[in-house]
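Summary of the model geometry
The chain contents come next:
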Amino acid sequence: MSEELLINISPMESRVAVLDNGILGEIYIERHHKLGLVGNIYLGTVVRVLPGMQAAFVDIGQSRTAFLHVNDMQREPRPVAETKPKAGEDSTKGKNKDTDKDSAILEASTDGRDFAPPMVSTQSTEIIPASKTLIQHRLHESQRILVQVTKDQLGSKGARLTTNISLPSRYLVYLPSSEHIGISQRIDGEEERTRLKTELSSLMQTVNLKGGLIARTAAERVPVDKLEEDIYYLLQLWRTICARRQEINHHQSSELIYQELSLPLRSIRDLVHADTEKVIIDNTQVYEQVRYFAKEFVPFVYDRIVHYTAEQSLFDVNRVEDDLRDALKRRVDLKSGGYLIIDQTEAMTTIDVNTGSFVGGRSLEDTVYKTNLEATHAIARQLRLRNLGGIIILDFIDMLEQQHKDDVLESLQSQLAQDYAKTKITQVSELGLVEMTRKRTRESLGQQLCEPCSTCQGRGFVKTAETVCFEIFREIMRCARTYNSPKKFTVVAHAAVIDLLLTSESDTVADLEYLLGRVITFDVENLYTQEQYDIVLD
């Protein structure tokens, strides 16, 4: 499978599109006035501790206080280690080359953020006893703590925090307060997993590194010298964070200690791999930044970076804009004639599979089976493209044969194996439903680009003109009983409602005028929605 990265830069936003065999697979959007928070490290202040929820709200300088649950706090924090240079080696080696330049670019983040840094008190580093597991024994209001964002603000919810800091590089993730050495689950070979674990353990002893490491998927078959460079870089980065924390003015309620990479650089670090054929960038300045970053940290992709200079938009040439518009639609058409209906709610996302115009050939069971198989490919793509997370219910068309159910589930699992986000799938139920979860760390595409409809308030439908007419009749009768003085009622409403009142409902209006002994007139207000109306008493 060939893959390309398209990086589109404008004064308002940065966008990165991942094309799989020329088809849009993923889209990342970062608004320059509203940068994502995931991966950022803050020195925050506890503003409220809730024993009943075993959680705390922490001020990190955002519009909403962030949420920290007791399960996201490490049990036994440890201070960072001092490294000792190897024999015959200059004491400055191990600090990343051109540290000042690198630190200006490399304020990194990570995909997996379930690990940890030490908590810091207002005066000094404070070791919290593991026996004190209740949050009210571990935190108090006004306490300063070092936290990392694991989830961006979603809707009305503040950001999700952890005290388990994790610092990523190209090949590794450093866990300052853990002793765990882990290997990415996407690295399958047992021999390669053993090699990485052995070499990382040896390197940690050599540099006297205290903490834990995780080998990312990109570390597969990477030579030991590259891993060693990553370790030295991560250690220097952690030292910089610790030094920055000590410099913070204690009178400040919150402070950003460490910021994530910009989207273009983050995409080079996290998204490129051996199958990436090209990285195409349409901005000269970002092109130079990416080339410098790639040369230092991802050299194999350096020669694949291309500067796009044509007049036509990069995303238009590759049909990304069209695919992006389609990704906001409720209906997704399948090549066979079937289709998906995708509905995203507060609690969950539902995806309904339908045969549509596909009539198949041999039998109804065969038609349903083929439609469901095709749907698994479309579902996996839409989950990635729309970045749908949380609980997801898949409503496949009912199948009778168990083998067909197994094949559909196996196909779905195979397609989701390419997804960077962690997923969990249940078996196909008797009703043809599959329950699954997908890890969510940022807003979905729809939440990022859209807002609830101002007309229907996000319901997806409005009252019919007929329903509004009947409401108006009831309101007029209510006003007539309440107020005796009005001689005339004036109805101000949307054009469609007024039109119905003057045509289909004109007899009802005449009967109402006779019953009340009052005149009813009508005015059209084009600024009103179909549900809006006013009754003016004259």
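Our structure's up above, just so we're on the same page.
Scoring rules and cut-offs
Residues numbered from 1 in each chain as written. Predicted model: local features only at pLDDT ≥ 70, side-chain atom pairs only at ≥ 80, totals over all residues. Heavy atoms only, no water. Pairing = 2+ DSSP bridges. Helix = DSSP H or I, 4+ residues; strand = E, 2+ residues; numbered from the N terminus. Axes fitted to C-alpha atoms, helices over the stretch in contact; angles between N-to-C directions. Contact = heavy atoms within 4.5 Å. Buried < 20%, exposed > 50% of the residue type's maximum accessible area, 1.4 Å probe, protein only. Core = buried A, V, L, I, M, F, W, Y, C linked by side-chain atoms within 4.5 Å. Phe/Tyr/Trp six-rings, centres within 6.5 Å; stacked < 30°, edge-to-face > 60°.

If you trace the three strands from one edge of the open sheet to the other, you get β23-β22-β24, paired in mixed fashion. Both edges of this open sheet fall to β23 (519-524) and β24 (533-537), since each of them pairs with a single strand only. Shown here is a sheet whose adjacent strand axes are inclined to one another by a mean of 20°, direction ignored. Together, β22 (488-493), β23 and β24 form the strand contacts of helix α12 (residues 465-482), whose direction differs from that of β24 by roughly 25°. Relative to the sheet, helix α13 (residues 495-502) contacts β22 and β23, its axis offset from that of β23 by approximately 145°.

What follows deals with the pairing of strand β21 (residues 433-438). Every second residue of β21 is oriented toward a common face, the buried set being Val434, Met436 and Arg438 and the non-buried set Leu433, Glu435 and Thr437. Looking at chain direction, strand β19 (residues 390-395) and β21 are connected through six bridges and run antiparallel. Residue pairing in the sheet places Asp395 in a bridge with Leu433 of β21. Pairing geometry for strand β20 (residues 423-425) and β21, over three bridges, is antiparallel. Looking across to β21, one finds that Thr423 is bridged to Arg438.

If you look at the biggest cluster of nonpolar residues, it comprises 33 residues, and the most contacted ones within it are Leu167, Leu172 and Leu227. Going through the elements one at a time, β4 (41-50), β10 (172-175), β11 (181-183), α3 (190-206), β12 (212-215), α4 (224-247) and β13 (255-258) are the ones with two or more residues in this core. In terms of residue count, the dominant contributor to this core is α4 (nine residues). Here Leu172 is in contact with Leu167, Leu200, Leu213, Ile214, Ala215, Arg216, Leu227, Asp230, Ile231 and Leu234, once residues within four sequence places are set aside. Ala380, Ile392, Phe396 and Met436 belong to the second largest nonpolar core, which has 26 residues in total.

The final tally for this structure, using the stated rule, is four aromatic pairs. Between Tyr233 and Phe297, the aromatic rings sit 5.8 Å apart at their centres with planes inclined by 55°, giving tilted as the arrangement. Of this pair, Tyr233 sits in helix α4 while Phe297 is found in helix α6 (residues 284-297), placing the two residues 64 residues apart along the sequence. For Phe297, a relative accessible area of 15% corresponds to the buried category. Ring plane angle 35° and centroid distance 6.4 Å describe the contact between Phe470 and Phe473, whose orientation is recorded as tilted. A residue pair is termed a helical-turn pair when its members lie 3 or 4 positions apart in one helix, as Phe470 and Phe473 do in helix α12 at three residues.

Let us now look at the sheet that holds β10. Strands belonging to one sheet form pairs held by backbone hydrogen bonds; the direction of such a pair is parallel or antiparallel. Taken in spatial order, the four strands make up an open sheet running β9-β10-β12-β11, and their pairing is mixed. Strands at the two margins of the open sheet, each flanked by one partner only, are β9 (167-168) and β11. Pairing between β11 and β12: three bridges, direction parallel. Considered in β12, the bridge of Ile183 is made with Ala215. Contacts from α3 reach β10, β11 and β12 within the one sheet, and its direction differs from that of β11 by about 150°.

Quick look at the pairing of strand β2 (residues 13-20) now. Across the eight residues of β2, eight count as buried, placing the element largely inside the fold. Where burial is concerned, the two faces of β2 agree: the one with Glu13, Arg15, Ala17 and Leu19 and the one with Ser14, Val16, Val18 and Asp20 are both buried. In this structure, strand β1 (residues 3-9) lies alongside β2, joined through seven bridges in antiparallel fashion. In the strand pairing of β2, Ile7 is matched with Val16. From the end of β1 to the start of β2, which pair antiparallel, there are three residues. Here eight bridges tie β2 to strand β3 (residues 23-31), and the two strands are oriented antiparallel to one another. Each bridged residue has a counterpart across the sheet, and for Arg15 the counterpart in β3 is Ile29. Count of turn residues in the β2/β3 antiparallel hairpin: two residues, of which Asn21 carries a positive phi of about 55°.

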